[in-house]
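# Secondary and tertiary structure notes
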Amino acid sequence: MEIKLKCIECGRIYEEEKKRVFCDCGGLLQLEFNPIFDIEKIRKKDKSLWRYRDLIPLKRDENIVSLKEGFTPLIGKKIDGFEIFLKLDFIFPTGSFKDRGATVLISKIKELGINRIVEDSSGNAGAAISAYSTITDIDCDIFVPDNASPNKIKQIEFYGANVHKISGSRENVFDEAKKFSKNFYYASHFINPYFFHGTKTVIFEIYEDFNCSLPETIILPVGSGSSILGIYIGLSDLKRSNLIEKFPKLIGVQSENCAPIYSAFVKKEYDIPKIEKKYTIAEGVSIQNPLRGKEILKAIYETNGDVITVSDEEILLSQKELAKSGIFVEPTSAVSFAGVKKYINSLKEDERIVAILTGSGLKSL
Ligand SMILES: [Zn+2]
């Protein structure tokens, strides 16, 4: 398996190596790696996301760090007479879909022989990275906003990570983590390109759930892009394997109190404008300046997708409505359901829609 890193700004190519997370020009990296999806081979494997092993950029199986994660349930739900599907993508060892990225990234970190890492997170990615690090004895420093949900911080501490609580904005937390990462490997869920090759596996599961086809529309919360960019990479893998011709519409949902992707989208632009950010209960998507904003917008434009904003009130109502179906998600996760409620009236006949629910409600009590 040949894997290279390519700068998304200047196109420079790098070999895989211990220290490489950014290009020398400062640009972010993506992986150059062209795997093929072979359904016959995949069907013979265990029901975990590692059944997609051939599409995961890891050279040697002995480096896999896994808790048999993945294969989250897809269930139907009626809304206003329409049937939609919910992907319960929070049913994971640490309670969020971030385990998809963490199992792949930490496996790669083990393969690269790295023994200390840094991550910054509003909580869920920090929990996932610290859980998978502790399994394999990698020391882990997690930078979090000091106003993150206390349960999320406790969970990270419980796994044994060194937690650094940073005051000020989410961007301050990123700056501090980046400074700290000068000496250690930066295992960021929105910068490190390996993470997306874990989060992409959700679309492979949906492809199998739909009997080797895809729904017309996928709706999900969007903040720093760890979910939507993974899905876009996964769709590209399916296309390269000649299994799909058309991508589903990707519809990103943001809090109206922090909606930089929406602000660019309504102007049909790729550059993220400076926006004012207000408090929102959807802490996981409260990202004022998503560093992969251009890539997120490209995924939305190229799939003929859309961006929807929702208020905190709509998020809370959605969280309660989901709870009445027995599904308890955190506010960031209820964002996608609130988006569905807004989108449902423009649903076309025969349009199948999957909403992705990303984090457990127990995280934010
Ligand atoms: Zn570059």
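Below is a summary of the structure that appears in this document. (Residues numbered from 1 in each chain as written. Predicted model: local features only at pLDDT ≥ 70, side-chain atom pairs only at ≥ 80, totals over all residues. Heavy atoms only, no water.)

### A look at the nonpolar core
The test is simple: For our purposes a nonpolar core is just a set of buried Ala, Val, Leu, Ile, Met, Phe, Trp, Tyr and Cys residues, chained together by side-chain atoms within 4.5 Å. Buried residues are those whose accessible area, probed at 1.4 Å on protein chains only, stays under 20% of the maximum for their type, while exposed residues exceed 50% and partly exposed ones sit between those limits. Each helix is a run of DSSP H or I of at least 4 residues and each strand a run of E of at least 2, with the numbering of both proceeding from the N terminus. Segment limits for the domains were obtained from an automatic or database-derived domain assignment. Residue contacts are counted whenever heavy atoms from the two residues lie within 4.5 Å of one another.
By size, the foremost hydrophobic cluster in this structure holds 44 residues, and its most contacted members are Ile106, Ile109, Ile117, Ile129 and Tyr185. Ranked by the residues each element gives to this core, the list is headed by helix α3 (residues 124–135), at five residues. Both domains that meet at this core, namely domain 1 (1–33) and domain 3 (98–192), each give it at least three residues. Beyond its immediate stretch of four places on either side in the chain, Tyr185 contacts Lys18, Arg20, Val21, Ile109, Leu112, Ile114, Arg116, Ile117, Val118, Asn192 and Tyr194. Residues Ile203, Val222, Ala264 and Val354 belong to the second largest nonpolar core, which totals 35 residues.

### Points about the coordination of the zinc ion
Stated precisely, the cut-off is as follows: The donor definition counts N, O and S atoms within 2.8 Å of each metal and applies 3.2 Å to Na, K and Ca; water is not among these atoms, so some sites may look incomplete. Every geometry call rests on angle ranges, with four donors termed tetrahedral when all angles are between 85 and 135 degrees, four termed square planar and six termed octahedral when opposite donors are over 155 degrees apart and all others are between 65 and 115, and everything else termed irregular.
Each protein donor to the zinc ion is listed here as Cys7 (SG), Cys10 (SG), Cys23 (SG) and Cys25 (SG); together their distances run 2.3 Å. Each of the four donor atoms around the zinc ion contributes to a set of angles spanning 106 to 121 degrees, which defines the coordination as tetrahedral. Read in sequence order, the donor residues for the zinc ion give the motif C-x2-C-x12-C-x1-C. Here Cys7 is found in strand β1 (residues 4–7), whereas its partner Cys25 is found in the loop between β2 (13–15) and β3 (29–32), with 18 residues between them in sequence. Residue Cys7 is classed as buried on the basis of its relative accessible area, which comes to 3%.

### Quick word on the packing of aromatic side chains
Rules: Put simply, two rings from Phe, Tyr or Trp (the six-membered ring, in Trp's case) pair if the centres are within 6.5 Å, and we call them stacked under 30 degrees between planes, edge-to-face over 60, tilted for the rest. Note on geometry: a ring has a charge over it if NZ (lysine) or CZ (arginine) is within 6 Å of the ring centre and within 35 degrees of the ring normal.
Counted under the stated rule, the structure contains twelve aromatic pairs. Look at Tyr232 and Phe247: their rings are 5.6 Å apart centre to centre, the planes differ by 75 degrees, and that puts the pair in the edge-to-face class. Highlighted residues: Tyr232 in helix α8 (residues 228–240) and Phe247 in the loop between α8 and β11 (249–255), separated in sequence by 15 residues. Take Tyr232: its relative accessible area is 14%, and that puts it in the buried class. Feature note: the residues Phe37, Tyr52, Phe204 and Tyr207 constitute an aromatic cluster, connected by ring pairs. Directly above the aromatic system of Tyr14 lies the positively charged group of Arg20, at a separation of 3.9 Å from the ring centroid. Stacked on the ring of Phe22, the Lys or Arg Lys178 has its end atom at 4.9 Å from the ring centre.

### Regarding the sheet that holds strand β9 (residues 185–186)
Inclusion rule: What makes two strands pair is DSSP finding at least two bridges between them. Helix axes use the C-alpha atoms of the stretch in contact, all axes being lines fitted to C-alpha atoms, and the angles between their N-to-C directions lie in the range 0 to 180 degrees.
In space, the four strands of this open sheet follow the order β8-β7-β6-β9, with parallel pairing throughout. Sheet topology places β8 (162–166) and β9 at the edges, where each strand pairs with a single neighbour. Here strand β7 (residues 139–145) pairs with β8 via five bridges, running parallel. Counterpart to Pro145 in the pairing with β8 is Ile166. Across the sheet, helix α4 (residues 150–158) touches β7 and β8, and the angle it forms with β8 is around 150 degrees. Contacting β6 (116–120), β7, β8 and β9, helix α5 (residues 170–180) crosses the sheet at an angle of about 155 degrees to β7.

### Here's the deal with a nonpolar patch on the surface
Condition: The patches described consist of residues with a relative accessible area above 30% and no salt bridge, like charges being joined within 9 Å and nonpolar side chains (Val, Leu, Ile, Met, Phe, Trp, Tyr) within 5 Å. Surface accessibility follows the Shrake-Rupley procedure with a 1.4 Å probe radius. Residue values consider only the protein chains on display as shielding. Salt bridges are counted wherever a side-chain nitrogen of Lys or Arg sits within 4 Å of a carboxyl oxygen of Asp or Glu.
On the surface, Phe328, Leu362 and Leu365 cluster together into a nonpolar patch covering about 320 Å² of accessible area. One can find Leu362 in the segment after β13 (353–357). Given the relative accessible area of 56%, Leu362 is considered exposed.

### What about the environment of Gly223?
Checked against the element boundaries, Gly223 lands in the loop between β10 (217–221) and α8. Residue Gly223 is classed as buried on the basis of its relative accessible area of 6%. It is 8.2 Å that separates the C-alpha atoms of Gly223 and Ile261, two residues lying 38 residues apart in sequence. Setting aside its immediate chain neighbours within four residues, Gly223 contacts Gln254, Val285, Ile287, Pro290 and Ile296.

### Some thoughts on the packing of α3 against α4
Heads up, the condition is: Relative orientations are named as follows: roughly parallel for angles under 35 degrees, roughly antiparallel for angles over 145 degrees, roughly perpendicular for angles from 65 to 115 degrees, and oblique for any other angle. Helix crossings fall into two classes, left-handed where the near helix is turned counterclockwise from the far one by less than a right angle and right-handed where it is turned clockwise. The residue classification treats Ala, Val, Leu, Ile, Met, Phe, Trp, Tyr, Cys and Pro as nonpolar and Asp, Glu, Lys and Arg as charged. All others, Gly included, are polar.
One way to put it is that α3 packs onto α4 with a least axis distance of 8 Å and a crossing angle of 10 degrees. By the angle between their axes, α3 is roughly parallel relative to α4. In this structure, the crossing between α3 and α4 has a hand that is left-handed. Together, Asn124, Gly126, Ala127 and Ser130 of α3 and Lys152, Gln155 and Ile156 of α4 make up the contact between the two elements. A class-by-class count of the residues in the contact of α3 with α4 yields two nonpolar, four polar and one charged.

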